[in-house]
Amino acid sequence: MKVLLVLIISFILTLMISRLFMSDWNVMLSGNVAMMLMLWFASLGHFMFTKGMVMMMAAFIPFKGTLVYLTGVMEIILGPLLVVNGTRHIAGIILLVMFVVMLPANINAAIKHVNFEKATYDGSGTGYLWFRIPLQLLFIAWILYFSLGI
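In this report, the structure presented in the accompanying data block is examined. What you see is a predicted model, and the numbers here were worked out from it, not measured in a lab. (Residues numbered from 1 in each chain as written. Predicted model: local features only at pLDDT ≥ 70, side-chain atom pairs only at ≥ 80, totals over all residues. Heavy atoms only, no water.)

**A few points about the pattern of salt bridges**
Taken as a whole and assessed by the stated rule, the structure comprises one salt bridge. A salt bridge links Glu117 to Lys2; the nearest nitrogen and oxygen atoms lie 3.3 Å apart. Of this pair, Glu117 sits in the loop between helix 5 (85–112) and helix 6 (129–147) while Lys2 is found in helix 1 (residues 2–22), placing the two residues 115 residues apart along the sequence. The exposure class of Glu117 is partly exposed, given its relative accessible area of 38%. (Salt bridge = Lys/Arg side-chain N within 4 Å of Asp/Glu carboxyl O. Helix = DSSP H or I, 4+ residues; strand = E, 2+ residues; numbered from the N terminus. Buried < 20%, exposed > 50% of the residue type's maximum accessible area, 1.4 Å probe, protein only.)

**Brief notes about the side chain of Asn108**
Among the structural elements, Asn108 can be located in helix 5. According to the relative accessible area criterion, Asn108 is buried, its value standing at 17%. A polar contact of 2.8 Å, which involves the side chain of Asn108, links it to the backbone oxygen of Met56. (Polar contact = N/O pair within 3.5 Å; in protein donor to acceptor, adjacent residues only side chain to side chain.)

**What about the nonpolar core?**
In this structure, Met35, Met38, Leu95, Phe99, Phe139 and Ile143 are the most contacted members of the largest nonpolar core, which totals 25 residues. Within the residue set of this core, elements represented by two or more residues are helix 1, helix 2 (27–48), helix 4 (64–83), helix 5 and helix 6. Apart from the residues within four sequence positions on either side, Leu95 is in contact with Leu39, Leu78, Leu82 and Ile143. Of all hydrophobic cores here, the second largest spans seven residues; its members include Met53, Met56, Met57 and Val68. (Core = buried A, V, L, I, M, F, W, Y, C linked by side-chain atoms within 4.5 Å. Contact = heavy atoms within 4.5 Å.)

**A look at unusual backbone geometry**
With a phi angle near 60°, His113 is a residue other than glycine that sits in the positive phi range. Its place among the elements puts His113 in the loop between helix 5 and helix 6. Its identity as a non-glycine residue notwithstanding, Ala119 has a phi of 55°, on the positive side.

**Considerations on the side chain of Asn32**
As for its position among the elements, Asn32 is in helix 2. Judged by its relative accessible area of 0%, Asn32 falls in the buried class. A distance of 2.7 Å separates a polar atom in the side chain of Asn32 from a polar atom in the side chain of Ser147. Dropping the residues within four chain positions of it, Asn32 is found in contact with Leu82, Val83, Arg88, Phe146 and Ser147.

**Some points on the environment of Gly92**
As for its placement among the helices and strands, Gly92 is situated in helix 5. Among the residues examined, Gly92 registers a relative accessible area of 0% and is labelled buried. Once the C-alpha coordinates of Gly92 and Val33 are considered, the two residues, 59 residues apart in sequence, prove to be 13 Å apart. With residues up to four places along the chain from it excluded, the contact list for Gly92 reads Leu82, Ile143, Ser147 and Leu148.

Shape descriptors only; they carry no functional weight alone.
In structure tokens:
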């Protein structure tokens, strides 16, 4: 829920700032800045809640801790690349792949009732997927529209 709020609020604020300073509603820039800020916010979880994020992954996946850190770093790096016209497309493609690849970890976490912030198995369970799957689809659609122009 927090990442959704960051995405929507930063989109609205960036849109208003673009109108104020550029005398135009720069929707594309606002969408990409909002995704960058959301990614930066989400990346904090990779470093603050590493143990819980490791618990979200399927047992057969090797180097879970390294993958959690790597995806956090990728979110930090790819975010600003969305704002630059010359790198937006490739960053969008990489993020699109990341969002698709991360979805099974969210499903696995819901099935196991993982609370990634506490690194426990007392999370909300499969009901969480009613929020998480549409949220992941929103992120994918956001990248498709604002970064890839599809």
